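Listed here are the chains, written in short residue letters.
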Amino acid sequence: MMKSQRALHIIISFLPIILLIGFLTYAIKVFGTDVSSGASQICLLAASAACVGVGMCLYRHKWEEFEKALYQKVGGVSTAIFILLSIGAISGSWMISGVVPTLMYYGIQVIHPQFFLVSTTIICAIVSVMTGSSWTTVATIGVALMGIGHAQGFSDGWIAGAIISGAYFGDKMSPLSDTTVIASSSTGTPLFIHIKYMLFTTVPSLCCALAIFAIAGFSHQVNDFTSIDVYLDALSGKFNITLWLLIVPLITGILIARKQPSLITLFTSAFVAILFALLFQPHLLAEISGDGSLCKGCFMTLYGPTHLDIGTPDLNRLIATKGMSGMMNTIWMLLCAMFFGATMETGGMLEGITTCFARFTGQRVPMVISTVCSGIFFVLATADQYLAIILTGNIFKKEYSHRGYESRLLSRTIEDSATVTSPLVPWAACGMAQSAVLGVPTLVYLPYSFFNLISPVMTIIVAATGYKIFRKESRDISPSPQDVR
């Protein structure tokens, strides 16, 4: 391909991304935070149509190629779709059974408002490290912390930002995390060497986020105790609050510790929660059904929206659930996002973008910056953190090796960019899932997800200092027995 043709190919490759950004900018301006209810999906389909048009008209790809890629993409996210449905079932069953209200009831009394944001980040980080799943962390303890934060007068953005920050710290650092395993394996880095090396950027990023949350907590004007008492009285008046309900998260934790598959864990957790709802909250199930049928109430709790009158509009909105049906917008957007990723890949646009990023590799800092930009860009372009991790690893693996840089530098930089920014993209699977579960639009919590925002910058800063960055020729990084244990 001639030089001018390559340049033209690169420009055309970026065209669908530019169109998508333009469409989304207009949609956000018109629909605001309600953009994910349909407008974002239309934008993704429109950009996908542009990919197909360019691919078929300019590069002579056949429609059958796009169809085949679409089947593969949708098949690849089928498990994620069922996980989303299971999370929807958990959101309803944990609320109506009284699990989340019980956690809220005791949490409001135990966690001091000035330390709430810091406590939230640390709690979510610990849970996420143990589970290896940011999604599970957000869908369980994260929902309860949203309620506690509301009672203490914090805004949605601050609460969700603290939850996301902690959950994705754990998602990066846990050896059970699929993103951690993919980043290490796709770059040829031993898993525990990869995790240990991330400490040099991940811990400083978390400390910066905690400092900001601490300042915000101490600056926060605490709700008067009368308001908090109203929350406590309303919760205890509507739900049967008892410590026995904590058996449900305990069972969930045991399943996670035994490394059971996510679908089995989530399904079992929802099923056990429904049994506890029958034992402790039969009056709520009867109210939800409308005709006193407990069995009907169980079904409606799992699949549909529930609305209970608890005394105040804020609390009514807080304990309202959407069940499995509440995940349909998210699944709809996920399918549209996969269509966009499939058309970008089949149409040759990703190849052109890959060529563009590879051209900017050189010295250490430009190479790291290029890797960070690549990771973030592929999250935006493919709406899939796994694909972004793999593509970025494939682009830079040979280049890092050729220039004598360690593979762990590449694997860390990928995690510091692609993994942590995925929940900040409204049309990415992570952004859609966390927004749906927490009930907070992605663009609302984005400015407050400080760990996720700081991590890409921190990895560039550390690269600029050269701290713990060695050339292969000057240092043997073969895994020691301690590293591989």
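Cut-off values and rules
Residues numbered from 1 in each chain as written. Predicted model: local features only at pLDDT ≥ 70, side-chain atom pairs only at ≥ 80, totals over all residues. Heavy atoms only, no water. pLDDT = per-residue confidence, 0-100. Helix = DSSP H or I, 4+ residues; strand = E, 2+ residues; numbered from the N terminus. Phe/Tyr/Trp six-rings, centres within 6.5 Å; stacked < 30°, edge-to-face > 60°. Buried < 20%, exposed > 50% of the residue type's maximum accessible area, 1.4 Å probe, protein only. Lys NZ or Arg CZ within 6 Å of the ring centre and 35° of its normal. Salt bridge = Lys/Arg side-chain N within 4 Å of Asp/Glu carboxyl O. Expected span 1.5 Å × (residues − 1). Polar contact = N/O pair within 3.5 Å; in protein donor to acceptor, adjacent residues only side chain to side chain. Contact = heavy atoms within 4.5 Å. Core = buried A, V, L, I, M, F, W, Y, C linked by side-chain atoms within 4.5 Å. Axes fitted to C-alpha atoms, helices over the stretch in contact; angles between N-to-C directions. Parallel < 35°, antiparallel > 145°, perpendicular 65-115°, else oblique. Left-handed = near helix turned anticlockwise from the far one by under 90°. Nonpolar A, V, L, I, M, F, W, Y, C, P; charged D, E, K, R; others polar.

## Some thoughts on the confidence of the model for the protein
Model confidence for the protein is summarised by a mean pLDDT of 82, while 90% of its residues fall at 70 or above. Helix H25 (residues 481–484) is the least confidently modelled element of the protein, averaging 37 in pLDDT, while helix H24 (residues 450–465) averages 94, the highest of any element.

## Examining the packing of aromatic side chains
Here the distance between the centres and the angle between the planes together describe a pair of aromatic rings. Considering all chains together, one arrives at 15 aromatic pairs under this definition. Judged by centre distance (5.9 Å) and plane angle (80°), the rings of Tyr197 and Phe200 are edge-to-face. Within this pair, Tyr197 and its partner Phe200 are both found in helix H10 (residues 191–219), separated by three residues, close to a single helical turn. You can call Phe200 partly exposed: its relative accessible area is 28%. Across the ring face of Tyr197, the terminal group of Arg412 is positioned such that the distance to the ring centre comes to 4.2 Å.

## What about the pattern of salt bridges?
Counted under the stated rule, the structure contains four salt bridges. Residue Asp416 pairs with Lys172 through a salt bridge whose shortest N-O separation is 2.3 Å. Note that Asp416 is positioned in helix H21 (residues 407–421) and Lys172 in helix H8 (residues 156–173), a separation of 244 residues in sequence. An identical accessibility class is assigned to Asp416 and Lys172; each is buried. For Arg408, the salt bridge goes to Glu406, with nearest N and O atoms at 2.6 Å. Exposure class is identical for Arg408 and Glu406. Each is buried.

## Remarks on helix H5 (residues 99–110)
Taking 1.5 Å per residue, 12 residues should reach 16 Å; H5 reaches 16 Å between its end C-alpha atoms and fits that length. Within the sequence span of H5, burial applies to Val99, Val100, Pro101, Thr102, Met104, Gly107 and Ile108.

## Structural notes on the side chain of Ser449
Here Ser449 lies in the loop between helix H23 (442–445) and H24. A polar atom in the side chain of Ser449 sits 3.0 Å from the backbone oxygen of Tyr445. Once residues lying within four places of it in the same chain are set aside, the contact partners of Ser449 are Gly161, Ile164, Ser165 and Leu424.

## Details of unusual backbone geometry
Even without being glycine, Arg60 reaches a positive phi, approximately 60°. Positionally, Arg60 belongs in the loop between helix H2 (39–57) and helix H3 (63–76).

## Remarks on the nonpolar core
One finds Trp135 and Met344 to be the most contacted residues of the largest nonpolar core, which totals 137 residues. Top contributing element to this core by residue count: helix H4 (residues 78–96), with 10 residues. When near neighbours in sequence (up to four residues on either side) are disregarded, Met344 contacts Ser13, Pro16, Ile17, Cys51, Met349, Leu350, Ile353 and Ala381.

## Focus: the packing of helix H19 (residues 364–382) against H24
Geometry of a packed helix pair, given as the angle between the helix axes and the separation of the axes. Where H19 contacts H24, the two axes come as close as 9 Å, and the packing angle between them is 165°. When the axes of H19 and H24 are compared, the pair comes out roughly antiparallel. Crossing handedness for the pair H19 and H24: right-handed. Facing Arg364, Val365, Val368, Ile369, Val372 and Ile376 of H19, the residues of H24 in contact are Pro456, Thr459, Ile460, Ala463 and Ala464. The class makeup of the residues in the contact of H19 with H24 is nine nonpolar, one polar and one charged.

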